[in-house]
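Listed here are the chains, written in short residue letters.
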Amino acid sequence: MDHGGHVLVVAFPGQGHINPALQFAKRLLGMGLKVTFVTAFSALNRMTETAAAAPPGLSFVGFSDGYDNGWKTSDTEHFMVEQKRRGSAAMEELVASAAAQGQPFVHVVYCILLPWVGRVAQKLGLPATFLWLQPASLLDIYFYYFNGYGDEIMKNSDDPSWSIQLPGLPPLTADDLPPFLFPSDPSNFAIALFKEHIDVITDSQQTNPNSKVLVNTFDELEFDALRSVKKLNMIAAGPLIPTAFLDGKDPSDTSFGCDLFQKTKDYTDWLNSKPTASVIYVSFGSYLVLKDHEMEAIARGLLETRRPFLWVVRSGGTDDDQGYELSCKAELEEQGLVIPWCSQVEVLSNPSVGCFFTHCGWNSCIESLALGVPVVGFPLWTDQATNAKLVQDVWKAGIKVRRNREGMVEDGEVKRCLEMAMEGEEMRRNARKWKDLAKEAAMEGGSSYLNIKNFVDELRGI
Ligand code: UDP
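Note that the coordinates shown come from a computational prediction; the quantities given were computed from them, not determined experimentally.

Hey, could you run me through the overall build of the chain in this one?
Assigned secondary structure in the chain consists of 18 helices and 15 strands. The globule rule puts the C-alpha radius of gyration for 462 residues at 23 Å, and the 21 Å found for the chain is close to it. Seen through its C-alpha atoms, the chain measures out along the principal axes to roughly 65 × 50 × 45 Å. Out of the 462 residues belonging to the chain, those deemed buried represent 57%. Long-range pairs, those at least 24 residues apart, make up 68% of the contacts in the chain between residues at least 6 apart in sequence.

Which parts of the structure should I look at to understand the site of the ligand?
Looking at the ligand, there are 19 residues lining it, with Ser-286, Cys-342, Asn-363, Ser-364 and Glu-367 nearest. Here an oxygen atom of the ligand and a side-chain polar atom of Ser-286 are 2.4 Å apart. Here Gln-344 contributes a backbone N or O atom positioned 3.2 Å from an oxygen atom of the ligand. When the ligand sits alone it has 540 Å² of accessible area, and the protein chains cover 93% of it. Breaking the shell around the ligand down by element, the ones donating at least two residues are helix H1 (15-30) and helix H14 (362-370).

Sorry if this is basic, but what is going on with the side chain of Glu-294 here?
Considering the arrangement of structural elements, one finds Glu-294 in helix H11 (residues 292-305). Reaching out from Glu-294, the side chain makes a polar contact with the side chain of Arg-403 at a distance of 3.0 Å. Once residues within four sequence positions are removed from consideration, Glu-294 is found in contact with Phe-378, Leu-380 and Arg-403.

Is there a simple way to think about the nonpolar core in this case?
Counting 92 residues, the largest nonpolar core has Leu-8, Phe-24, Leu-28, Phe-37, Trp-132, Tyr-142 and Leu-181 as its most contacted members. For this core, the element with the highest residue contribution is helix H6 (residues 136-155), accounting for nine residues. For Phe-37, the contacting residues outside a window of four places in its chain are Val-9, Ala-11, Ile-18, Ala-21, Leu-22, Ala-25, Leu-58, Ser-59, Phe-60 and Val-61.

Mind showing me how you'd approach the sheet that holds strand S11 (residues 309-312) here?
Either a parallel or an antiparallel arrangement is found when strands of a sheet pair, and the pairing is made through backbone hydrogen bonds. The strand order across the open sheet formed by six strands is S12-S11-S10-S13-S14-S15, and the pairing between neighbours is parallel. The open sheet has two edge strands, strand S12 (337-339) and strand S15 (398-400), and neither has a second partner. Averaged over all pairs of adjacent strands, the angle between their axes in this sheet comes to 15°, without regard to strand direction. In terms of strand pairing, strand S13 (residues 353-358) meets strand S14 (residues 375-377) through three bridges, oriented parallel. By the bridge assignment, Thr-358 is partnered in S14 with Gly-377.

Help me understand the side chain of His-197 in this model?
In this structure, His-197 sits in helix H7 (residues 190-207). Since its relative accessible area comes to 0%, His-197 is described here as buried. Apart from the residues lying within four places of it in its own chain, the contact partners of His-197 are Tyr-110, Cys-111, Ile-112, Leu-113, Leu-114, Pro-115 and Phe-130.

Sorry, what's going on with the sheet that holds strand S8 (residues 213-215) here?
Spatial strand order, S3-S2-S1-S4-S5-S8-S9: seven strands in an open sheet with parallel pairing. Two strands bound the open sheet, and with one partner strand each, they are strand S3 (58-63) and strand S9 (234-236). Across this sheet, the average inter-strand angle for adjacent strands is 25°, counted without regard to direction. The pairing of strand S5 (residues 128-132) with S8 spans three bridges and is parallel. Note on S8: the bridge partner recorded for Phe-130 is Val-213. Helix H5 (residues 115-124) rests against strand S1 (6-10), S3, strand S4 (105-111) and S5 of the sheet, and its axis sits at about 160° to S4. Against the sheet, H6 makes contact with S5, S8 and S9, and its axis sits at roughly 110° relative to S5, the strand it touches most.

Conventions used here
Residues numbered from 1 in each chain as written. Predicted model: local features only at pLDDT ≥ 70, side-chain atom pairs only at ≥ 80, totals over all residues. Heavy atoms only, no water. Helix = DSSP H or I, 4+ residues; strand = E, 2+ residues; numbered from the N terminus. Rg over C-alpha atoms; globule rule 2.2 N^0.38 Å. Buried < 20%, exposed > 50% of the residue type's maximum accessible area, 1.4 Å probe, protein only. Contact = heavy atoms within 4.5 Å. Near = heavy atom within 4 Å. Polar contact = N/O pair within 3.5 Å; in protein donor to acceptor, adjacent residues only side chain to side chain. Areas by Shrake-Rupley, 256 points an atom, 1.4 Å probe, with all protein chains shown as cover. Core = buried A, V, L, I, M, F, W, Y, C linked by side-chain atoms within 4.5 Å. Pairing = 2+ DSSP bridges. Axes fitted to C-alpha atoms, helices over the stretch in contact; angles between N-to-C directions.

Structure below.
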């Protein structure tokens, strides 16, 4: 079968990257392209069943970044250097071997944290497009930080009364901005990666002024933010969640590509036995480890609501995660269900779920919006505080848990937020509105569908 062009999609080996990138790969496949999906073995090893069941035209290739069993937070800087070095060599080999087999790549799509992929593509003369996996608003913030606003942001990081008005965005306080922007943040090195991403985009626009940045968002959600920085030429391609939850055309497309999903299904009957909108779903994504006092505050808040909950508590999910024994485990288990992992999109689409208590990773936010579930935001890192701000103040489909100046969550705060999300009519109405708009954007003829179609037509030279 002629797939009309072979595209290389490269994703960072984290679940929050693989999930939307794989969805994008499937969108390209659905529009008749052949796709090779590349990531490091640490992620691919968790996807063997998905890879084995891949539809014709989609294949998976792994490479060793030297951390095939995952990496520790303390190794991150070395890991990133190695990933770039080994990944660049692997990519050059793959491009050469695809050409030698008569299946040359015509385009590369690469995701966040991988600016080196864009550089390798430039070196090989291959057109490449960046797929940004956070809201458009965040790429705007990074762009403005490097273009005129950096000094003002840095010098006000400690002033709680300060806020900044960036074009196309709501006023943002220091607490609403990614902590990477402040020199005191221990993960400040990440900022260099975002700078490199913006440089790669700007450089590729010199050879192709038409080149775009694809974003996992949709027009109706971020109309102004998508258009705030003309130079970035951001185009919405989201929400990148399995199509069964959007246009429903392919009811079998329900999972993202993590074999763990298949093994932890025993919560479905429990959810089905609960009344509509009665369950609090709690999860903090695929990577972060909460501090003990945060786990206790959440546990107490859940108990105080007396409502059923489904809480994903990963243990040993990362090398840093030694697991934490909650002091009120027995009480919790009487009121709710604690599980090690779930298919989040399936859980969020279950009618019994009434709100999502989340760290506000962007996938979790956009999945919750696209499935019409109000959000309680408990942001911890990177883009999460900004995402929580947008959900609460711009999209009005959730509420953010407040911390005091010492960063602690005071007694009663978790319960207050959970009650507001479970009972708040306006939040529920808005969440339903975003669900409808997300579906419209993704379905045939919708804004994101057409953006992807135009992208595919352009790369085929139509
Ligand atoms: N996820 C899941 N089951 C879980 C926890 C997470 O399916 O028990 C998925 C979730 O649907 C999302 C991704 O893992 O697609 C997490 O991405 P997010 O950006 O929310 O957070 P990260 O893991 O990157 O911090």
